[in-house]
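These are the residues of each chain, in order.
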Amino acid sequence: MDYYPHNVHQGQRTSFEDFTSDSIIYQYIPIGQSYVHRPSSIETQDQRAYTTGQQLSSKMTAKWNGNLVNQRTVKRKGSCQDDSEMPGYSKKGRHESLTENECETKASSSVQPAPLTSKVIIYKPGDGYDNITEDIVHHYNQNHQSQQDLEHKIMLSNCLYAIVKDVFPGCKLFIVGSSLNGFGTRTSDMDLCLLLSQDKAIDQRFEAVHILSSIHNALRCCTFVKYSQVIKAKVPILKFTDIKKNIECDLNINNGVGIRNTHLLKYYCMADPRVGPLMLYIKYWARFHDINDARKRTISSYSLALMLIHYLQVGCDPPVLPSLQKLYPARFNAQVGLRKLRLDESLHNVQTSNRDSLGKLFCGFLEYFAFHFKPDQEVISVREAGVLPIQSVRYNSDEPSQWKCLCIEEPFDRSNTARSVFDAFIFQRVMHVFKRSARTLKETRKAKSILSQPF
């Protein structure tokens, strides 16, 4: 059975087929100070899920405590089996085995960026935005998702997959959202997508709830999971918390668009070293002013990310980013199979002559959306690296009512990612925050002037 590869490390390819399908997982039973092992021979799916959960939870707990017992799995030659392997996207070819140190080196060099320095990111010291730039760099270095945080999520995802695949053979599990797209923080939740089929749609109202309930039952055996609960909504999710790091996890079913936009945003983050720090600071600013919560009819983090990319495409001169969907149409389109998506490809044609500092770009972002973008006339489109006329988009939409106060085109399914911003009064407050922040920073050039009290 061909499972979806879950690794983004450069120079290696590892699939969950390597990790589970062809491996003999041994149970270790403590007897005094020694361990006896026997192959697992459970027949039913529920029993296999329970046994696997107990094995993996014990293994993870031992590793977290710094005392991993001498457990081994029999694996195929050519795979790199480290507990911290990356659930992610495929890589062409199969490579020879790597040592644990080599795995760690490749992980640190390709998955997580090193702390920012002025040599890396401050292109124009003395441009008048030094204070803001320094604050952005400091915030990024203090809050971006660390390699250790990522490896913990990887281990958790691997364990969950080993349980779920016994309940639903042939499924694929993806880490999606900020944990993987480069915009994660130390406190980011982990979003997961369980893909059961690329061709057949899942009824979210009935089938998805039943599937998530089955997984909820399978997770009851896991000592590293707590507070598991199925949330019945338009898109139902299974919420649970990792007991060791207190990471909240949200699992959905068959959200292929979420997998694609995670892939796309990751490449935008890789295209320029300023994108990640800017995004983390924009989220920090937006949350401080309480305008970054779709549940409160304000802007979601995904929509903020598309707004930033749009600004870097059209709002600054010269542009920082192109449209990756135009530049690499074969790589970023909805027809590419999900198992063919990769995160190790280069962006040779992405170059910019823009050398603006982080501080200047952040101020420009606020000014662009406060005074230049026309929300009543324009739809943001990172796919086109421009704007679309709102009347035309509404006319061609299957759901015209979704295009209201703030309109941002989803790059793949062409829906409005900002449909939660439909209340005119709340949107007026959002615009007030943008305008006052832009004016205040223009006058003071001090980051604290917009982060001392909410507007």
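Enquirer: Run through the pairing of strand S5 (residues 190-195), naming residues and quoting values.
Expert: The buried count for S5 comes to five of six residues, which makes it a mostly enclosed element. Summarising the sheet, strand S4 (residues 172-176) and S5 pair through five bridges and their orientation is antiparallel. Paired with Val 176 across the strands is Asp 191, a residue of S5. As paired elements, S5 and strand S8 (residues 248-253) share five bridges and run parallel to each other. Within S8, the position partnered with Met 190 by the bridge is Cys 249.

Enquirer: Give me the lowdown on the environment of Ile 132, citing residues and values where you can.
Expert: Tracing the sequence through the fold places Ile 132 in helix H5 (residues 130-143). A relative accessible area of 0% places Ile 132 in the buried class. Expressed as a C-alpha distance, the spacing of Ile 132 and Lys 448, which sit 316 residues apart in the sequence, is 8.6 Å. Ile 132 has contacts with Gly 359, Phe 362, Cys 363, Leu 441, Arg 445, Lys 446 and Ala 447, leaving out every residue within four places of it along the chain.

Enquirer: Outline the pattern of salt bridges, listing residues and values.
Expert: Tallied over the entire structure, the rule returns 14 salt bridges. For Arg 186, the salt bridge goes to Asp 149, with nearest N and O atoms at 3.8 Å. Here Arg 186 is found in the loop between helix H7 (178-181) and S5, whereas its partner Asp 149 is found in helix H6 (residues 147-167), with 37 residues between them in sequence. We note a salt bridge from Glu 399 to Arg 419, for which the minimum N-O separation is 3.7 Å. Of this pair, Glu 399 sits in the loop between helix H14 (390-396) and helix H15 (424-444) while Arg 419 sits in the loop between H14 and H15, and the two are 20 residues apart along the sequence. Several salt bridges share partner residues, and in doing so they unite Lys 326, Arg 383, Glu 384 and Glu 409 into one network.

Enquirer: Tell me about the sheet that holds strand S7 (residues 237-242), residues and numbers included.
Expert: The pairing of strands in a sheet happens through backbone hydrogen bonds and is either parallel or antiparallel. Strand order in the open sheet made by the five strands is S4-S5-S8-S7-S6, with mixed pairing throughout. Looking at the sheet topology across the chains shown, the edges are occupied by S4 and strand S6 (225-231). Looking at each pair of strands side by side, their axes are set apart by 25 degrees on average, direction ignored. As paired strands, S7 and S8 are joined by four bridges and run antiparallel to one another. When the sheet's bridge partners are listed, Phe 240 is paired in S8 with Cys 249. Contacts between helix H9 (residues 256-271) and the sheet are confined to S4 and S5, with S4 contributing the most and set at about 50 degrees to the helix.

Enquirer: Outline the environment of Cys 269, listing residues and values.
Expert: Along the chain, the position of Cys 269 falls in helix H9. Overall, the relative accessible area of 15% leaves Cys 269 in the buried class. Taking the C-alpha atoms as reference, Cys 269 lies 6.1 Å from Gly 182; in sequence the two are 87 residues apart. Here Cys 269 is in contact with Asn 181, Gly 182, Phe 183, Val 275 and Gly 276, once residues within four sequence places are set aside.

Quick notes on the rules
- Residues numbered from 1 in each chain as written.
- Predicted model: local features only at pLDDT ≥ 70, side-chain atom pairs only at ≥ 80, totals over all residues.
- Heavy atoms only, no water.
- Buried < 20%, exposed > 50% of the residue type's maximum accessible area, 1.4 Å probe, protein only.
- Helix = DSSP H or I, 4+ residues; strand = E, 2+ residues; numbered from the N terminus.
- Pairing = 2+ DSSP bridges.
- Contact = heavy atoms within 4.5 Å.
- Salt bridge = Lys/Arg side-chain N within 4 Å of Asp/Glu carboxyl O.
- Axes fitted to C-alpha atoms, helices over the stretch in contact; angles between N-to-C directions.

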